[in-house]
Amino acid sequence: MSITRFLIVGTGFGGIEMAVALQKAGIDDFVMLEKGNDIGGVWRDNSYPGCSCDVPSHLYSFSFAPYKGREKRFPPQQDILAYLRQVATDFRLWPHIRLNTAVAQAAFQEAQKRWQVITASGEMYDAECVIFAVGQLHRPDFADIPGRQDFLGPKLHPAVWDHAVDLREKRIAIIGTGSSAAQMLPSLASVARSVTVYQRSPGWILPKPSSDFGLLSRLALRVPGTHYLYRKSLYYGADVLLSPVVRSRLLGRAAEAVGRYHLRRQVKDASLRLKLLPSYPIGSKRILFDSHFYPALTRSNVRLITESITQITATGIETANGERIAADIIVFTTGFKTSEFLAPISILGRDSRSLNEEWASGAEAFMGLAVHGYPNAFIIAGPNTFNPAGSNPAMKEVQVAYIMRCLRWKQDTGADAVEVRKGAMEGYREWLDGKMNRTIWPASVNSWYKHESGKITNPWPASARSFAKMMRIHPGDSFQVVGDLGKR
Ligand code: NAP
């Protein structure tokens, strides 16, 4: 049994932010458990051709290690992963990291007021606090399409990419037209014999600037302070202009007009355009930022299929009109299991309660980061904290800062364990429901923002600034001591 003060589960942006905050507070007694063979979370898992981030790195980086590239506005996946590794080195995190260590169960021990964590290989950890930072987009969903197992060729997923599979001169089928499909299509189409893209519903796509900075920007970024100003302008720009499109139909319509213009400019074929025009309000699903997907769809070796898939066969895909299209490789860009937060970890709190059971019809947590009945446990990137229109590392930094304040408050009170109050959770739920009802999501199409019950479990319904403002509350207003005060 290994004993530690703080146990962080996950080493993506959230886990690393948490560990750096502990280091900065002079706390060295922590362990980071990582199920993968490297750190980096989604930036380790998603290595498909063309993978990049559609949020500029000046915004998509830590405030304590801001991106200062002058060449690339949107660096490729390998650069983002290298950045995270560098941060881990700079902040001396590697000695704390245990790779290939998946957590199977975490159980709160009432008598000791500590967490006992068991890994998939049976190792045990005893920790004062557990911080889950496993993200929302880490469990691939291959989609339950009949016949999937029958297909004889390679079956790929953006997060499970087999680089040994030779794509050259192959007939590739891509199922799905989300961000991952959009990013990979140009690369795949440039080497494959043919690519058939199966679209169930088109996404709203807004133009994405070039990945490289132009000469003027490069020169401007030499001026002291411009990196900081650029980062701030991206933060406020996204928060003021993009975030409200899910709450204001006026802004939504303006964004849709930009999307339609982008489509008209890039696709000259009116019948193809019609297939690519969404019939639901922008923002209902995550908006795509892309300037290469539409042109790639117009290539002679690319075909867009909008007939629904009836089954996958040994050699290809069959659609509702009876057409059978042969494929050598199928890429399932069908998304992730996003609404089962923290699964497959079994989490047991006070009085033998099970978080997995409590969340069966949709996860919820106070400000996305704490649940009544689960003392000394925190979540980063928990329910309703995904910012669909800005920087998620920035959202996580706010959560980490609040968790740090909770930990300081716990220490100041001398408590062995603290948990969020039931009333605070209920009050927050009421506020969240009211806010959610003013967005387009309750009446919108299904997406990975929603649990199958219809509950909206993933996105944050307001601005990033309001999230930061709400997180300024004192922990003592919402948390309570569990049991007797400790002797410290
Ligand atoms: P996704 O956005 O969930 O898209 C899944 C796609 O698969 C959708 O087009 C969906 O159609 C389709 N699909 C799902 N099940 C299907 C089925 N049974 N039959 C036919 N089509 C099916 O997945 P993703 O593209 O991997 O992206 C996931 C998230 O990762 C994104 O929303 C984004 O937040 C993140 N991401 C970010 C970046 C970035 O640059 N920041 C890049 C890639 C991914 P429907 O729309 O009809 O459901």
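None of the values given here were measured: they were computed from a predicted structure.

Trainee: Can you lay out the packing of aromatic side chains for me, pointing to particular residues and giving the numbers?
Mentor: Throughout the structure, instances matching the rule amount to 24 aromatic pairs. Note on Phe386 and Tyr449: the rings are 6.2 Å apart at their centroids and 45° apart in plane angle, and the pair reads as tilted. In this pair, Phe386 sits in the loop between strand S18 (377-379) and helix H11 (392-413) while Tyr449 sits in the loop between helix H12 (422-436) and helix H13 (464-470), placing the two residues 63 residues apart along the sequence. Taking relative accessible area as the criterion, Phe386 reaches 9% and is therefore assigned buried. Taking relative accessible area as the criterion, Tyr449 reaches 1% and is therefore assigned buried. One aromatic cluster is present, formed by Phe366, Phe378, Tyr402, Tyr428, Trp431, Trp460, Phe467 and Phe479 through successive ring pairs. One residue, Lys208, lies across the ring of Phe74, its end atom 4.5 Å from the ring centre. The side chain of Lys285 reaches across the aromatic face of Tyr280, ending 5.6 Å from its centre.

Trainee: Lay out the side chain of Ser463 with the relevant residues and their values.
Mentor: With respect to the helices, strands and loops of the structure, Ser463 is situated in the loop between H12 and H13. In this structure, Ser463 is in contact with Asp239, Ser243 and Arg247, ignoring residues within four places of it in sequence.

Trainee: Which residues make up the pattern of salt bridges, and what are the values?
Mentor: Under the definition given, this model contains 23 salt bridges. Across the pair Glu426 and Lys422 runs a salt bridge whose closest N-O atoms are separated by 3.3 Å. A residue pair is termed a helical-turn pair when its members lie 3 or 4 positions apart in one helix, as Glu426 and Lys422 do in helix H12 at 4 residues. Taking relative accessible area as the criterion, Glu426 reaches 47% and is therefore assigned partly exposed. Through salt bridges with shared partners, a single network forms among Glu364, Arg429, Asp433 and Lys455.

Trainee: Can you lay out the sheet that holds strand S7 (residues 155-156) for me, pointing to particular residues and giving the numbers?
Mentor: Taken in spatial order, the 5 strands make up an open sheet running S7-S16-S8-S9-S12, and their pairing is parallel. Each edge of the open sheet carries a strand with a single partner, namely S7 and strand S12 (302-305). Contacting strand S8 (171-175), strand S9 (194-198), S12 and strand S16 (329-332), helix H4 (residues 179-191) crosses the sheet at an angle of about 175° to S8.

Trainee: An account of the domain arrangement of the chain is needed here, citing residue identities and associated values.
Mentor: Taken domain by domain, the chain holds domain 1 (2-139 + 337-482) and domain 2 (141-203 + 285-335). Spacing between the C-alpha centres of domain 1 and domain 2 amounts to 32 Å. Taken together, the contact pairs 19 residues of domain 1 with 15 residues of domain 2. It is Tyr48, Pro49 and Asp54 in domain 1 that bury the most area against domain 2; as a group they hold 42% of the surface buried on that side. Linking domain 1 with domain 2 are 1 salt bridge, by the criterion used here. The partner of Asp54 in a salt bridge is Arg286, and the shortest N-O contact between them spans 2.8 Å. Residue classes in the side of domain 1 that touches domain 2 are distributed as 9 nonpolar, 6 polar and 4 charged.

Trainee: Before we move on, could you go through the nonpolar core and cite the residues and values that matter?
Mentor: One recurring pattern in soluble globular proteins is that nonpolar side chains are buried together. One finds Met18, Leu93, Leu185, Val195 and Phe479 to be the most contacted residues of the largest nonpolar core, which totals 141 residues. Examining the composition of this core, we find that 10 residues originate from one element, H11, more than from any other. Counting contributing residues per domain, this core is built from domain 1 (2-139 + 337-482) and domain 2 (141-203 + 285-335), each supplying no fewer than three. Not counting residues up to four positions away in its chain, the partners in contact with Met18 are Ile8, Ile131, Ile380, Val400, Ile403, Met404 and Leu407. Judged by nonpolar contacts, the second largest core, of 13 residues, contains Ala143, Phe151, Ile312 and Ile317.

Trainee: Go over the environment of Ile309 with me, naming the residues and quoting the values.
Mentor: Topologically, Ile309 is positioned in strand S13 (residues 309-312). The sequence separation of Ile309 and Pro146 amounts to 163 residues, and the corresponding C-alpha distance is 9.1 Å. Once residues lying within four places of it in the same chain are set aside, the contact partners of Ile309 are Ile145, Ile175, Tyr198, Ile317, Glu318 and Thr319.

Trainee: Lay out unusual backbone geometry in plain terms, naming residues and giving numbers.
Mentor: Omega for the peptide link from Ala343 to Pro344 comes to 5°, which places this bond in the cis form. One non-glycine residue, Arg92, lies in positive phi territory at about 55°. At Leu342, a position not held by glycine, the phi torsion is positive, near 70°. Within the secondary structure, Leu342 is located in the loop between S16 and strand S17 (346-348).

Thresholds, definitions, all that
Residues numbered from 1 in each chain as written. Predicted model: local features only at pLDDT ≥ 70, side-chain atom pairs only at ≥ 80, totals over all residues. Heavy atoms only, no water. Phe/Tyr/Trp six-rings, centres within 6.5 Å; stacked < 30°, edge-to-face > 60°. Helix = DSSP H or I, 4+ residues; strand = E, 2+ residues; numbered from the N terminus. Buried < 20%, exposed > 50% of the residue type's maximum accessible area, 1.4 Å probe, protein only. Lys NZ or Arg CZ within 6 Å of the ring centre and 35° of its normal. Contact = heavy atoms within 4.5 Å. Salt bridge = Lys/Arg side-chain N within 4 Å of Asp/Glu carboxyl O. Pairing = 2+ DSSP bridges. Axes fitted to C-alpha atoms, helices over the stretch in contact; angles between N-to-C directions. Domains from an automatic or database assignment. Buried area = accessible area lost by both parts, 1.4 Å probe. Nonpolar A, V, L, I, M, F, W, Y, C, P; charged D, E, K, R; others polar. Core = buried A, V, L, I, M, F, W, Y, C linked by side-chain atoms within 4.5 Å.

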